[in-house]
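Analysis of the macromolecular model
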Amino acid sequence: MATPDFQKFEPSPSLSLVEGFTHLPNFLEPEEVQALKDAAAAGPKDETLSTGRPLAATPGVHWHGFPRTHSWQNGAQIASIPETCLPALHRLRHLGVLPARYSFDQAIVNFYPEGCEGIRMHVDRANFDDIIVGFSLGAAVVMDLEPLDTQEHDEAASDPTRSHAKHVLLEEGSVYVFSGHVRWKWKHGIKQGPHRYADEELPLGERTSITLRRLRRPDQKESDDLWMTHQESKKCAQNHLRHLQLVDAC
Ligand SMILES: O=C(O)CCC(=O)C(=O)O
Ligand SMILES: [Fe+2]
């Protein structure tokens, strides 16, 4: 794979529509897009496939919306989702978009069939920590962002230079990062297609997103590894549970 050109991806303020939101179009190299598509097509290695959106409060890779029972192609030389995401996560860390020593332990692979209803406006659950990273594969869509606070909403709406809702074009290979204000104080969602962006109708097609998260735990240890192993993450979760039981018992 070619050496990445970090200069090319320098995040500029114009890429941040809302405080805490970073959008990096074309951030993934074509080889990375292909490797992620292959990993998504191969399906879960040993993780359970879910069709709805359960709590997903456990570490590992969770698969949502896949139309078929998707079984790992045994013996295929295909890297796992976390392994495939790592180079791009390293670049994000190098650019300062991800803080040093912040690690992930969960990925949600969402499949959106062509013309599906998208994903309703929501704030990502509080059992996930401050930073959520999303990779886009397949058809381009528009993600809507809207403040939760009606005051912020009204102020923005009365200022002609700011629209109360923001719209981001998520093309294949783009990466977005939610943290801080936008993570906790804004909601986001994707409407049913076809979408319009800059007066053009976007072609319909299937799309897969991969969002990387970290389960929130008070005793979270900092790590140089970008992906916390299952074992470490499980130990951390057990400690958290013990901590909660102790608190409950008091
Ligand atoms: O498909 C996307 O990029 C967004 C997914 C999302 O918001 C979620 O899984 O919470
Ligand atoms: Fe979300």
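Refer to the structure printed above.
Quick caveat, the model's predicted, so the values are computed rather than measured.

With 14 residues, helix H2 (residues 81–94) extends 20 Å from end C-alpha to end C-alpha; this agrees with the ideal 20 Å at 1.5 Å per step. At Pro-87, H2 shows its largest kink, close to 35°. Within H2, the full set of buried residues consists of Ile-81, Pro-82, Thr-84, Cys-85, Ala-88, Leu-89, Arg-91, Leu-92 and Arg-93. In the stretch just after H2, Gly-96 is the one whose phi turns positive, near 85°.

Another aspect to go through is the nonpolar core. Counting residues in hydrophobic clusters, the biggest one holds 33 residues, and the most contacted among them are Leu-89, Leu-92, Phe-104, Val-133, Phe-135, Ile-210 and Leu-212. Mapped by element, the contributors of at least two residues to this core are helix H1 (30–42), strand E3 (60–64), H2, strand E4 (106–112), strand E6 (132–138), strand E9 (175–178) and strand E13 (207–213). The element that contributes the greatest number of residues to this core is H2, accounting for five residues. Excluding residues within four positions of it along the chain, Phe-135 makes contact with Leu-28, Leu-36, Cys-85, Ala-88, Leu-89, Ser-174, Val-175, Thr-208, Ser-209, Ile-210 and Leu-212. Ile-119, Met-143, Leu-170 and Phe-178 belong to the second largest nonpolar core, which has 18 residues in total.

A few words on the sheet that holds strand E5 (residues 119–122). One open sheet holds the four strands; their spatial order is E5-E10-E7-E8, and the pairing between them is antiparallel. Here the strands that pair on one side only, and so sit at the sheet edges, are E5 and strand E8 (166–170). With direction set aside, neighbouring strand axes in the sheet form an average angle of 20°.

Right, let's get into the pattern of salt bridges. Counted according to the given criterion, the structure contains nine salt bridges. Across the pair Asp-105 and Arg-217 runs a salt bridge, and its minimum N-O distance is 2.6 Å. Linking Asp-105 in the loop between H2 and E4 with Arg-217 in the loop between E13 and helix H5 (230–249), this pair joins segments that are 112 residues apart in sequence. There is no split in this pair, since Asp-105 and Arg-217 are both buried.

Around ligand 1, a shell composed of 13 residues is seen, among which Tyr-112, Asp-124, Tyr-176, Arg-207 and Ser-209 lie nearest. Within the side chain of His-122, a nitrogen or oxygen atom sits 3.1 Å from an oxygen atom of ligand 1. Measuring from an oxygen atom of ligand 1, one finds a side-chain N or O atom of Asp-124 at 2.9 Å. Burial of ligand 1 by the surrounding chains reaches 100%, relative to a free accessible area of 300 Å². Broken down by secondary-structure element, the contributors of at least two residues to the shell around ligand 1 are E4, E5, strand E10 (186–190) and E13. Counting residues per element, the shell around ligand 1 draws most heavily on E13, at three residues. When its residues are assigned to classes, the shell around ligand 1 shows five nonpolar, four polar and four charged.

Conventions used here
Residues numbered from 1 in each chain as written. Chains lettered and ligands numbered in written order. Predicted model: local features only at pLDDT ≥ 70, side-chain atom pairs only at ≥ 80, totals over all residues. Heavy atoms only, no water. Helix = DSSP H or I, 4+ residues; strand = E, 2+ residues; numbered from the N terminus. Expected span 1.5 Å × (residues − 1). Bend = angle between axes of the 7 residues up to and from the residue. Buried < 20%, exposed > 50% of the residue type's maximum accessible area, 1.4 Å probe, protein only. Core = buried A, V, L, I, M, F, W, Y, C linked by side-chain atoms within 4.5 Å. Contact = heavy atoms within 4.5 Å. Pairing = 2+ DSSP bridges. Axes fitted to C-alpha atoms, helices over the stretch in contact; angles between N-to-C directions. Salt bridge = Lys/Arg side-chain N within 4 Å of Asp/Glu carboxyl O. Near = heavy atom within 4 Å. Polar contact = N/O pair within 3.5 Å; in protein donor to acceptor, adjacent residues only side chain to side chain. Areas by Shrake-Rupley, 256 points an atom, 1.4 Å probe, with all protein chains shown as cover. Nonpolar A, V, L, I, M, F, W, Y, C, P; charged D, E, K, R; others polar.

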